[in-house]
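# A closer look at the structure
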Amino acid sequence: MAESICRALRDGALEGEFAPALTIKDSISSPFGFDVFTHVLAQLSSNILAGKSQPRGVVLVAFSRSPSFYVDLLKRRGSDAASSQKWIRILDCYTDPLGWKDQIVDSTNTCDTSLEASSEVACLCKDVRDLDKLYPLIIEQGTGLSGCGKQRFSVAIDSVDELLRHSSTSSVAGLLSNLRSHDQVSCVFWLFHSDIHEDKATSILEYMSSMVASIEPLNQSANWKRGNLENFSLLEQNFGKGRLNVRFKRRNGRVRVLVISLPLCFPYPIVYVDL
């Protein structure tokens, strides 16, 4: 879907520069952000397995889906599940993000196997509010893949919204900035739902990103509301066509815009615009 994006993430960071960062914007009017996220994740994983990328592995911070979901997804996309321990770590922020289930287990003195990481590649995080602990946990998982030398790893976050729900915008921005500036981080990408946050948060995330991707549907129904079946039918038809807009920040400060007209399938024409 977005070979230029995947190529930039595959090539990774230049020496002495921040790692490339991609914001994938989702919205109510065009809820295809997760599809873009999983496509980018699958493409990067394929490049890692083929030895064609700078990062030697990926740390997936999973807020919106379980680790087993991603293991099954990557298996369906052709990734080698047998060798997954060598190239992927999943930080499970989905099962018990605030540690509530753990407290219930402690109070009843029983063992609840649902609290265990759902795959061998997953590590459970029980407090997503503490970003000072979340950051070293991500780095720890990454260095477990790449080692302590010059090998690098990538970081994928499937929902920055969950971070912003429990922490301030400045704290989340600090976490992302620290990841980008870490010597062993090759690239970072995340999914962000722009409709549920203030413009300030959107602007900050876009400013921090070297790439911003969003899907814009064609011929949206301006009067669409939930529950209106007639308008919903029109909207469903409009979801079949749209544009993938990608903004690339160049090293000289200029912006390159990539516009892909798509029927949400392959192939699709590409138009480049330099600003």
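Preceding this section is the structure that the text describes.
About the thresholds
- Residues numbered from 1 in each chain as written.
- Predicted model: local features only at pLDDT ≥ 70, side-chain atom pairs only at ≥ 80, totals over all residues.
- Heavy atoms only, no water.
- Phe/Tyr/Trp six-rings, centres within 6.5 Å; stacked < 30°, edge-to-face > 60°.
- Helix = DSSP H or I, 4+ residues; strand = E, 2+ residues; numbered from the N terminus.
- Buried < 20%, exposed > 50% of the residue type's maximum accessible area, 1.4 Å probe, protein only.
- Polar contact = N/O pair within 3.5 Å; in protein donor to acceptor, adjacent residues only side chain to side chain.
- Contact = heavy atoms within 4.5 Å.
- Axes fitted to C-alpha atoms, helices over the stretch in contact; angles between N-to-C directions.
- Parallel < 35°, antiparallel > 145°, perpendicular 65-115°, else oblique.
- Left-handed = near helix turned anticlockwise from the far one by under 90°.
- Nonpolar A, V, L, I, M, F, W, Y, C, P; charged D, E, K, R; others polar.
- Salt bridge = Lys/Arg side-chain N within 4 Å of Asp/Glu carboxyl O.

## Observations regarding the packing of aromatic side chains
- Considering all chains together, one arrives at five aromatic pairs under this definition.
- When the ring of Phe37 is compared with that of Phe189, the centres are 5.4 Å apart and the planes differ by 50°; the resulting orientation is tilted. One end of the pair, Phe37, is in helix α2 (residues 33-49); the other, Phe189, is in strand β6 (residues 185-193), and 152 residues separate them in sequence.
- What makes Phe37 buried here is its relative accessible area of 0%.
- Each residue in the set Phe34, Phe37, Phe69, Tyr70 and Phe189 is aromatic and connected to the rest through ring pairs, giving one cluster.

## A short note on the side chain of Ser210
- Mapped onto the elements of the fold, Ser210 is located in the loop between α9 (199-208) and β7 (211-217).
- At 2.8 Å, the side chain of Ser210 and the backbone nitrogen of Ala21 are in polar contact.
- Excluding anything up to four places from it in sequence, Ser210 contacts Pro20, Ala21, Arg180, Arg247, Phe248 and Lys249.

## Overview of the packing of helix α1 (residues 3-11) against α2
- Contact geometry for α1 and α2: axes closest at 10 Å, N-to-C directions at 45°. As judged from the angle between their axes, α1 and α2 are oblique. Between α1 and α2 the crossing geometry is right-handed. Residue-level contacts link Ile5, Cys6, Leu9 and Arg10 of α1 to His39, Val40, Gln43, Leu44 and Asn47 of α2.
- For the contact of α1 with α2, the class distribution of residues is five nonpolar, three polar and one charged.

## Overview of the pattern of salt bridges
- The tally for this structure, following the rule as stated, stands at six salt bridges.
- Of the charged contacts in the structure, one is a salt bridge between Lys25 and Glu206, with a shortest N-O distance of 2.9 Å. In this pair, Lys25 is assigned in strand β1 (residues 21-26) and Glu206 in helix α9, connecting sequence segments 181 residues apart.
- The class of Glu206 is buried, set by a relative accessible area of 18%.
- Taking the shortest distance from any N to any O, the salt bridge between Asp130 and Lys133 comes out at 4.0 Å.
- Using a relative accessible area of 24% as the deciding quantity, one classes Asp130 as partly exposed.
- The exposure class assigned to Lys133 is exposed, which follows from its relative accessible area of 61%.
- Among the charged side chains, a network of salt bridges with common partners joins Lys25, Glu206 and Arg247.

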